[in-house]
Amino acid sequence: PRGSAIPLLEGPKTEGVTIEDNGECVITPSTDVKFSGRLKEKNKLNYWNDWLLIGHHETPLSAPTKILEKFPSNLPKRPENVIPADSDKATIEEVIDIVEGSSTEVPPSVPKDIEEKPAWPIPRPEAPVDSMLKDMATIILSTFLLVGWVAFIITYPMSVHQQQQRQHQLEEKIQLLQQQKLPFRAPSDVPPEADFLDTSYGRTESSATSTPNMSPRASNHSAYSSISTSDVGSCLSTEQEEGDEDANRVMVGKISFNPKDVLGHGAEGTIVYRGTFDNRDVAVKRILPECFSFADREVQLLRESDEHPNVIRYFCTEKDRQFQYIAIELCAATLQEYVEQKAFSHHGLQPIALLQQTTSGLAYLHSLSIVHRDLKPHNILISMPNAHGKVKAMISDFGLCKKLAVGRHSFSRRSGVPGTEGWIAPEMLSEDCKENPTYTVDIFSAGCVFYYVVSEGSHPFGKSLQRQANILLGAYSLESLNAGRHEDIVARDLIEKMINMDPQKRPSASCVLKHPFFWSLEKQLQFFQDVSDRIEKESLDGPIVKQLERGGREVVKMDWREHITVPLQTDLRKFRSYKGGSVRDLLRAMRNKKHHYRELPPEVQETLGSIPDDFVCYFTARFPRLLLHTYNAMHICCQERLFQHYY
C-alpha cells in the first residue's frame, strides 16, 4: 500500500525463517513462505506465536520504503506484534531469539519495556494548515530571491560604470604624469581589481616594423598610452606636440588617430576612426584578433582592386599586440546618408551617376573574380570633394568578399550565409536551390540598392522585418515608380531584371551599365536616329520591322499624330504622309525633324525645344514606352557593329 516513508530498519535474518532465492531482489519482494516444521502437523493449530516472514530481504538503497497508513485489521494489537519507536537493536534481537527458541505452545514472556511503551504511532494525513504554512514559506522565499535578482540587475551596470570612470581617471593621471615625467602612484580609491593597465610596455608587432605607443590593454577603450616614462622617447615615432588633441593621439607605425574621433562601427567589434597616414587624412579600421584572418583577406583584395576609381583606396596595415589597423581612403558619407539626409550636400553627384559609378566598381571587381557578397547602402561611400569640388561613389568593406579560383564562376555555401539580412539574394538562403551561388548575388543586392536610391529610401521587398521573408517568396513592390513616366518605366525594367528570382536571368554588371537607364538624352536621340536609319530600307514583312511593330499601337497610343502639338502636325503634312499607328513612322518623323531642325519654322522649333535634351523629352513625355520598346525590339540587331555599344 502507498503510505508515508519510514526509516530503514534491520529485520531478522535467519536461516530458519528466511528463504533465499538466487540473487537479490531489486525492488519487488518474494512471496514465498516457510513454515516451522511443527506447524505442518495437522493436530497443531495454535501457531499464533510464530512469525511468518514473507519474502524478507535486505531492501536496496534505490527502493522506496513505505509503512502502512493504519494498523492491519486482521492482526491483533499484542505487544509482540508491535515494535516500539525507540526500541534499540538489543531489544529487537531479544524478540527474535524468543521467536526462534519457542518450542512449546505456551506464549513466551514479553519484556516489560515492550509492555510499558505505546504502540507505533499511526501517521496522520498532513493538516491543511501545515500545507498553507509551507506554501507561504515558499512564496516568501521566492519573493526574496526575485527582489535580490532585480536589485542585482539594477546595481550591476552602475558599478561597472563607476569602475570605468575610475579606469578613465587613472589613465588620465598616468598620461599627465608621463608628460611631466613624474613617478606615478596608484590612487587609494581604485580597488585592487582595477589594476588592468600594463605599465611595463614592450614593443609591439607591426607590418612596417614600427613601434606603436599604445598599450594593448588600454587601446581597446582608451586613447591614452600606458608606457613607462623611461620608454617615452623610444616608443614615440614623432615628437609629441602640445595640446590635448596631440596628447590623445595614438601612433601605430605610420598610422595615427584619435580614439575619440570615431567615424562609425562595423561588425565583430570593428571601429573606424579618423586618422592620418603619411600626412594624409585617412579612415583607420581597428580590427579585433578574432577577425585577423578576414582582415588579411580584405587587405589582399584591396591591394588587387583599389586601382579603380570607384573602389575604396587602400594605404597600409599596422599591428600591435591586440589589434590590426587598416588605413583606407577617408570618405564624406555613406550612400544611406546621401539618400536619407536631405541636408547632405551632393556636390553635383546625381543619383543615376552615383548608381553608374557603383555598378562600374562592381563590374571591375567581377572582372577580377571577386564577389563582394555584402553590397548595401552602408558599404557604398561618397568620397571627399576633390580639387574641383567633385565627389564620387566607391565600394568599400571587403571583409566578406570571395575570391574565386581561376576558371570558377561560383562559390560554395558551406562557409555560411554572408551578407546583411534584407540585402541577401534568395539563392543564398533557399534550401531548394541546388546550384552554387555566382556573381549574380551582387546583382540582386545592387538591384535593391537601385530602387533604394530612385525611390529615395524605400526597399523593393518592404520594411526591414519582412524583407528577407519577402525575398524568399519573391514578393516585391515598385510602387514608387510611376507607370506613366518614361524614366520610371526604364528604371522598372532594369530593377526587375536585377532582382529576378532566377539568378541566370539577371544581367551581368557590364550589361547593366549598357541599359538605357544610364543613357544620356543625347545618346537616346542618337539611338532613335540609328534605329530609323537601320529600318529605313527594310521591308514591312521583314523580321526587324515586324518585331518593332509588334505591340506598337499601344506604344504610339493608337495614333501618335493626335498627341503632338499643332505646329508640328502642320509641318509634317507639308512634305510627306505618315502612318499614325506605326512606330517606324514615328521614328522617321523624329529623325527628319532632327536633321532639318535649323530649317524648321520658329514656332516648330519653339514647341520642340533645343536639341538634344528638350527635343528628346518632347517625344518621350508623350510616348513614355517608346525608348524601352524600341530597345527591346532591336535586340535582334545587338551583334551588328552599329548597335554593339548599345547592348
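If you're wondering where the values come from, they're calculated on a predicted model, not measured in any experiment.

How each quantity is defined
- Residues numbered from 1 in each chain as written.
- Predicted model: local features only at pLDDT ≥ 70, side-chain atom pairs only at ≥ 80, totals over all residues.
- Heavy atoms only, no water.
- UniProt positions renumbered as here; feature names shortened; annotations may be inferred.
- Helix = DSSP H or I, 4+ residues; strand = E, 2+ residues; numbered from the N terminus.
- Phe/Tyr/Trp six-rings, centres within 6.5 Å; stacked < 30°, edge-to-face > 60°.
- Lys NZ or Arg CZ within 6 Å of the ring centre and 35° of its normal.
- Buried < 20%, exposed > 50% of the residue type's maximum accessible area, 1.4 Å probe, protein only.
- Contact = heavy atoms within 4.5 Å.
- Pairing = 2+ DSSP bridges.
- Axes fitted to C-alpha atoms, helices over the stretch in contact; angles between N-to-C directions.
- Left-handed = near helix turned anticlockwise from the far one by under 90°.
- Expected span 1.5 Å × (residues − 1).
- 1 Å grid on protein atoms, 1.4 Å probe; cavity = no way out; pocket = protein on both sides within 12 Å on 5 of 7 lines; lining within 4 Å.
- Points joined across faces, edges and corners; volume = space filled by probe spheres on them.
- Domains from an automatic or database assignment.
- Salt bridge = Lys/Arg side-chain N within 4 Å of Asp/Glu carboxyl O.

Novice: Mind laying out the UniProt feature "transmembrane region" (unreviewed entry) in the protein chain, listing which residues take part and the relevant values?
Specialist: With numbering aligned to this structure, UniProt lists the feature "transmembrane region" (unreviewed entry) at residues 139–158. As annotated, residues 139–158 comprises 100% helix and 0% strand, and the C-alpha atoms at either end are separated by 29 Å.

Novice: Got a sec to walk through the packing of aromatic side chains? Specific residues and values, please.
Specialist: Per the stated rule, a full pass over the model turns up 25 aromatic pairs. Between Phe461 and Tyr476, the ring centres sit 6.2 Å apart and the planes meet at 70°, which makes this aromatic pair edge-to-face. Separated by 15 residues along the polypeptide, Phe461 in the loop between helix H9 (440–454) and helix H10 (467–473) and Tyr476 in the loop between H10 and helix H11 (486–498) bring together distant segments of the chain. Across from the ring centre of Tyr618, 3.8 Å away, lies the NZ or CZ of Arg622, which sits over that ring.

Novice: Describe the environment of Gly269, listing the residues and the values that go with them.
Specialist: By secondary structure assignment, the location of Gly269 is in the loop between strand S2 (255–265) and strand S3 (271–277). Residue Gly269 is classed as partly exposed on the basis of its relative accessible area, which comes to 37%. Ignoring sequence-local partners within four residues, the contact set of Gly269 consists of Arg286 and Leu288.

Novice: Describe the sheet that holds S2, and please don't skip the residues or the numbers.
Specialist: Taken together, the 6 strands give an open sheet; going across it, the order is S1-S2-S3-S4-S6-S5, and neighbouring strands pair in antiparallel fashion. Because the sheet does not close on itself, it has two edges, and the strands there are strand S1 (250–252) and strand S5 (314–319). For this sheet the average axis-to-axis angle between neighbouring strands, irrespective of direction, equals 40°. Examined bridge by bridge, S2 and S3 share 6 bridges and lie antiparallel to one another. Looking at S3, one finds that Ser256 is bridged to Thr276. Strand contacts of helix H6 (residues 292–305): strand S4 (280–287), S5 and strand S6 (324–329), with the helix running at about 30° to S6, the strand carrying the most contacts.

Novice: Please set out the pairing of S3 residue by residue, giving values where relevant.
Specialist: Buried residues dominate S3, accounting for 5 of its 7 residues. The hairpin turn running from S2 into S3, its antiparallel successor, is 5 residues long, and Glu268 in that turn takes a positive phi close to 60°. Pairing of S3 with S4, which is carried by 7 bridges, proceeds in the antiparallel orientation. Within the sheet, the bridge partner assigned to Arg274 lies in S4 and is Ala283. Taken together, S3 and the strand that follows it, S4, pair antiparallel across an intervening segment of 2 residues, in which Asp278 is found at a positive phi of about 55°.

Novice: Lay out the packing of helix H13 (residues 521–535) against helix H17 (residues 583–595) in plain terms, naming residues and giving numbers.
Specialist: Packing of H13 against H17 leaves a shortest axis separation of 9 Å and a crossing angle of 115°. Our pair here, H13 against H17, has a crossing hand that is left-handed. Of the residues in H17, those touching H13 at Leu525, Phe528, Gln529, Val531, Ser532, Asp533 and Ile535 are Arg584, Leu587, Arg588, Met590, Arg591, Lys594 and His595.

Novice: I'd love a proper account of the sheet that holds strand S9 (residues 380–383), names of residues and values included.
Specialist: Taken in spatial order, the 3 strands make up an open sheet running S7-S9-S10, and their pairing is antiparallel. Two strands lie at the open edges of the sheet, namely strand S7 (331–334) and strand S10 (393–395), each paired on one side alone. Ignoring strand direction, the axes of neighbouring strands in this sheet form an average angle of 40°. In the sheet, S7 pairs with S9 via 3 bridges, with the strands oriented antiparallel. Across the sheet, residue Ala333 finds its bridge partner in S9, namely Ile382. Across the sheet, helix H8 (residues 351–367) is in contact with S9 and S10; its angle to S10 comes to roughly 30°.

Novice: Any details on H13? Residues and values, ideally.
Specialist: Under the 1.5 Å per step criterion, the end-to-end length of H13 is 22 Å for 15 residues, consistent within 8% with the ideal 21 Å. Inspection of H13 places Gln524, Leu525, Phe527, Phe528, Gln529, Asp530, Val531, Ser532 and Ile535 among the buried residues, and these make up the whole buried set. Buried positions along H13 lie against H11, helix H14 (543–549), H17, helix H19 (613–622) and helix H20 (626–633).

Novice: Could you give an account of unusual backbone geometry, with specific residues and numbers?
Specialist: In this model, Ile611 is joined to Pro612 through a cis peptide bond whose omega is 5°. Considering the arrangement of structural elements, one finds Pro612 in the loop between helix H18 (602–608) and H19. One non-glycine residue, Asn279, adopts positive backbone phi at about 65°. Mapping Asn279 onto the fold places it in the loop between S3 and S4. Even without being glycine, Met558 reaches a positive phi, approximately 75°.

Novice: So, the layout of surface pockets: which residues are in play, and what are the values?
Specialist: Of the pockets and cavities examined, the second largest pocket occupies roughly 1000 Å³. Lining the second largest pocket are 37 residues, and of these Gly266, Val272, Lys285, Asn379 and Asp397 sit closest to its centre. Elements represented by at least two residues in the lining of the second largest pocket include exactly S2, S3, S4, H6, S6 and S7. The two domains that each donate at least three residues to the lining of the second largest pocket are domain 1 (250–329) and domain 2 (330–518).

Novice: Quick rundown of the pattern of salt bridges? Include the residues and the values.
Specialist: Evaluated as defined, the whole model comprises 17 salt bridges. Among the salt bridges present, the one from Asp493 reaches Lys497, with a minimum N-O distance of 3.4 Å. One end of the pair, Asp493, and the other, Lys497, are both in helix H11, 4 residues apart, so they sit about a helical turn from each other. Lys497 gets classed as partly exposed once you look at its relative accessible area, which sits at 31%. It is possible to trace a salt-bridge network through shared partners that takes in Asp533, Glu536, Asp585, Arg588 and Arg591.

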